[in-house]
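# Working through the structure, step by step
The chain contents come next:
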Amino acid sequence: MTAAPFHMGWFLGNSFGVHGWNDPWGGSLAAEWTRPDMHIDLVRALERACFDFLLLEDSAFVPDSYGSSMDFYLRRAARVPKNDPLPLVPLLTQATRHLGIVPTISTSFYPPYLLARLIATLDLMSEGRVGCNFVTSTALRAAQNFGLDEHLEHDRRYEMADEFVEVVRKLWTSWDDDAVIMDIERQTFVDPTKVRTIDHKGRFFSVRGPLNTARPHDGRPVLVQAGGSPQGRHFAARHMDVVIAALGTVDEMKTYRADMRERVAAQGRNPDDCKVLFLLTPTLGDTDAEAQARYERGLRAKSASPENGLALMASLTDIDFAKFDLDEPLETMTTNGQQGTLKRFLAQGRTLREIAANFRFGFEDVFGTPDRVAAILGEVMAEVGGDGFVINLPITRRTIAEITDGLIPALQKRQLVRSLYSHAGFRQNLFEF
Ligand SMILES: Cc1cc2nc3c(=O)[nH]c(=O)nc-3n(C[C@H](O)[C@H](O)[C@H](O)COP(=O)(O)O)c2cc1C
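The protein chain carries the name NtaA/DmoA family FMN-dependent monooxygenase in an unreviewed UniProt entry, which gives Lichenifustis flavocetrariae as its organism.

A contiguous nonpolar surface patch, about 230 Å² in accessible area, is contributed by Val62, Met70 and Leu74. With respect to the element layout, Val62 can be found in the loop between β2 (53-56) and α2 (71-76). Given the relative accessible area of 33%, Val62 is considered partly exposed.

Here the focus is the site of the ligand. Close to the ligand lie 21 residues; Asp58, His154, Tyr158, Ser229 and Gly340 are nearest. Between an oxygen atom of the ligand and a side-chain N or O atom of Ser229, the distance comes to 2.6 Å. Backbone polar atom of Gln339 to an oxygen atom of the ligand: 3.1 Å apart, as the coordinates give it. Burial of the ligand by the protein amounts to 94% of the accessible area it has alone, namely 630 Å². Of all the secondary structure elements, the ones that give two or more residues to the shell around the ligand are β4 (131-135), α6 (154-172) and α11 (339-346).

By secondary structure assignment, the location of His154 is in helix α6. Within the local environment of His154, its side chain forms a polar contact with the side chain of Gln339, the two groups lying 3.3 Å apart. Apart from the residues lying within four places of it in its own chain, the contact partners of His154 are Ser229, Gln231, Asn336, Gly337 and Gln339.

Before going further, it helps to spend a moment on the packing of helix α7 (residues 230-239) against helix α8 (residues 250-266). Where α7 contacts α8, the two axes come as close as 8 Å, and the packing angle between them is 55 degrees. By the criterion of interaxial angle, the relationship of α7 to α8 is oblique. In the packing of α7 onto α8, the handedness of the crossing is right-handed. Facing Pro230, Arg233, His234, Ala236 and Ala237 of α7, the residues of α8 in contact are Tyr256, Asp259, Met260, Arg263 and Val264.

For the rest of this paragraph, the subject is helix α14 (residues 397-413). Taking 1.5 Å of rise per residue, the 17 residues of α14 would be expected to cover 24 Å, and the 23 Å separating its terminal C-alpha atoms lies within 8% of that figure. Where α14 bends most, the angle comes to about 30 degrees, and this point is Leu407, followed within four residues by the proline Pro409. Regarding α14, the residues found buried are Thr399, Ile400, Glu402, Ile403, Thr404, Gly406, Leu407, Ile408, Ala410, Leu411 and Gln412. Here the buried face of α14 lies against β1 (7-12), α1 (37-48), β12 (283-284), α9 (288-304), α13 (370-384) and β14 (388-391). Trailing α14 by a residue or two, Gln415 shows a phi angle of about 55 degrees, which is positive.

A separate point is the domain arrangement of the protein chain. Domain annotation for the protein chain reports domain 1 (7-173 + 209-288 + 361-430) and domain 2 (289-358). Domain 1 and domain 2 are separated by 23 Å when their C-alpha centres are compared. Where domain 1 abuts domain 2, roughly 2600 Å² becomes buried across the two surfaces, and 49% of that area is made up of carbon and sulfur atoms. Remark: the boundary between domain 1 and domain 2 carries three salt bridges.

This structure, assessed with the given rule, holds 29 salt bridges. Two residues, Arg215 and Asp177, come together in a salt bridge whose shortest N-O distance is 3.8 Å. You can see Arg215 sitting in the loop between β8 (206-207) and β9 (222-225) and its partner Asp177 sitting in the loop between α6 and β5 (180-183), a full 38 residues away along the chain. For Asp177, a relative accessible area of 65% translates into the label exposed. In this structure, Asp272 engages Arg261 in a salt bridge whose closest nitrogen and oxygen atoms are separated by 3.0 Å. With Asp272 in the loop between α8 and β11 (275-280) and Arg261 in helix α8, this pair connects stretches of sequence that are 11 residues apart. Through salt bridges with shared partners, one network takes in Glu32, Arg35 and Asp37.

Before going further, it helps to examine unusual backbone geometry. Cis peptide bonds are those with omega within 30 degrees of zero, and the linkage from Gly209 to Pro210 qualifies with -5 degrees. As for its placement among the helices and strands, Pro210 is situated in the loop between β8 and β9. Going from Gly386 to Asp387, the amide bond is cis rather than trans, its omega being 0 degrees. You can see Asp387 is positioned in the loop between α13 and β14. Residue Glu127 is not a glycine yet carries a positive backbone phi of 55 degrees. Residue Glu127 is classed as exposed on the basis of its relative accessible area of 61%. Even without a glycine there, the phi angle at Gln187 is positive, about 50 degrees. One can find Gln187 in the loop between β5 and β6 (188-190). For Gln187, a relative accessible area of 67% puts it in the exposed group.

Each regular strand shows side chains that alternate between the opposite faces of the sheet. Summarising burial for β4: four of the five residues are buried, a large majority. When strand β3 (residues 100-106) meets β4, the two strands line up parallel, connected through three bridges. Directly across from Thr104, in β4, lies its bridge partner Asn133. Two strands pair when backbone bridges link them, and β4 and β9 are joined in this way by three bridges, in the parallel orientation. Looking across to β9, one finds that Gly131 is bridged to Val222.

UniProt records the feature "binding site: FMN" (unreviewed entry) at Asp58, Thr104, His154, Tyr158 and Ser229, using the numbering of this structure. Beyond its immediate stretch of four places on either side in the chain, Asp58 contacts Lys82, Asn83, Pro85 and Thr104. Discounting residues that sit within four places of it in the chain, Ser229 has contacts with His154, Tyr158, Gln339 and Gly340.

What counts as what
Residues numbered from 1 in each chain as written. Predicted model: local features only at pLDDT ≥ 70, side-chain atom pairs only at ≥ 80, totals over all residues. Heavy atoms only, no water. Patch = residues over 30% accessible without salt bridge, like charges linked within 9 Å, V, L, I, M, F, W, Y side chains within 5 Å. Areas by Shrake-Rupley, 256 points an atom, 1.4 Å probe, with all protein chains shown as cover. Salt bridge = Lys/Arg side-chain N within 4 Å of Asp/Glu carboxyl O. Helix = DSSP H or I, 4+ residues; strand = E, 2+ residues; numbered from the N terminus. Buried < 20%, exposed > 50% of the residue type's maximum accessible area, 1.4 Å probe, protein only. Near = heavy atom within 4 Å. Polar contact = N/O pair within 3.5 Å; in protein donor to acceptor, adjacent residues only side chain to side chain. Contact = heavy atoms within 4.5 Å. Axes fitted to C-alpha atoms, helices over the stretch in contact; angles between N-to-C directions. Parallel < 35°, antiparallel > 145°, perpendicular 65-115°, else oblique. Left-handed = near helix turned anticlockwise from the far one by under 90°. Expected span 1.5 Å × (residues − 1). Bend = angle between axes of the 7 residues up to and from the residue. Domains from an automatic or database assignment. Buried area = accessible area lost by both parts, 1.4 Å probe. Pairing = 2+ DSSP bridges. UniProt positions renumbered as here; feature names shortened; annotations may be inferred.

In structure tokens, the structure reads:
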């Protein structure tokens, strides 16, 4: 039986930052971190492999939560330095013809009018190939870069995000599709009856409108988010076209998908209108044994250097994990940062050492030749029910090629992913199946 095809995206953590540093396959990547060359190579490879989209992560702070110091992050180039990824977007859409490009923006710090205009501009420039990943921004240090002493409380940030998206959607539809008529005889470029104010007055935002650029393709770009807490899922269910989950097991994926589909239906939407995608970090090799050895080397390296994972987790939760004994049982803790992530993290063991070794940021326990991994992914998707995966790997030109020229052709041979784009637009390809 042929399984239904699924979708593929790529999540570029550390976005327009340092990649391939200290990696024997990194080549010149790290030295060229301020330039867009690797990103352009990446999107060309993703388009060759018919991916749906590239998601560009972002954050606007220098972490100092691990060891109460910036040292670890600066020394290891962990989440810093990092350029603003938004100026990359037009370069990436110019280098491709079908691939969706999804920058990340913060609903806590961007004014909605500026964001609606920025994304509409990028969408119009690329003829409907830009999306938007909405994050509430979880770090205290980020909040302190935008005028706050303390961050807004987690659930309140999601309430604000909800109103933020309501406002930008109103702005994007403040022009009718056919408002721009360019009628020389009537000396009318825009039909004024087709543009109106939005007069939004809410708890968090007051925006008159209308937008001063035209309506984006399809009335809105592809909307994406990845919050795993109940509030994050509610937010996704109300507005999003794509929700991404970082889960380690097939059972978790199944439960998450069923929950999301129920939530989307409860909002009066068709559950198929919100694609549920899962983070995936496969390990590939020329033989299954080689891939397994590589996968096991990765696990050993993780156990030998728990500080790498702990520093990342510290920056996501604002909890200083350097303060705790690695081998003492860990007490329960809460965060105003990434709540869903912390909950999954703490569930991985009794001590920090166990947790750091066991934690998976996505589906990581899959290795083999491209053909073996393709077969496993087909089985996983058949079991979960859909809708696809988002690759999350440390970037080198080698890892890009392993996926786009190794794994994807193996998936295509099994008709598990598309081999050709049917449409020009991002949304049309995303909702084709
Ligand atoms: C695939 C993926 C991509 C994400 N990208 C970003 C990002 O670029 N910037 C950011 O601040 N948070 C990012 N996040 C974090 C989420 O937006 C969210 O804050 C996190 O999953 C915790 O949400 P929760 O508090 O609802 O559990 C990402 C999460 C995932 C799983």
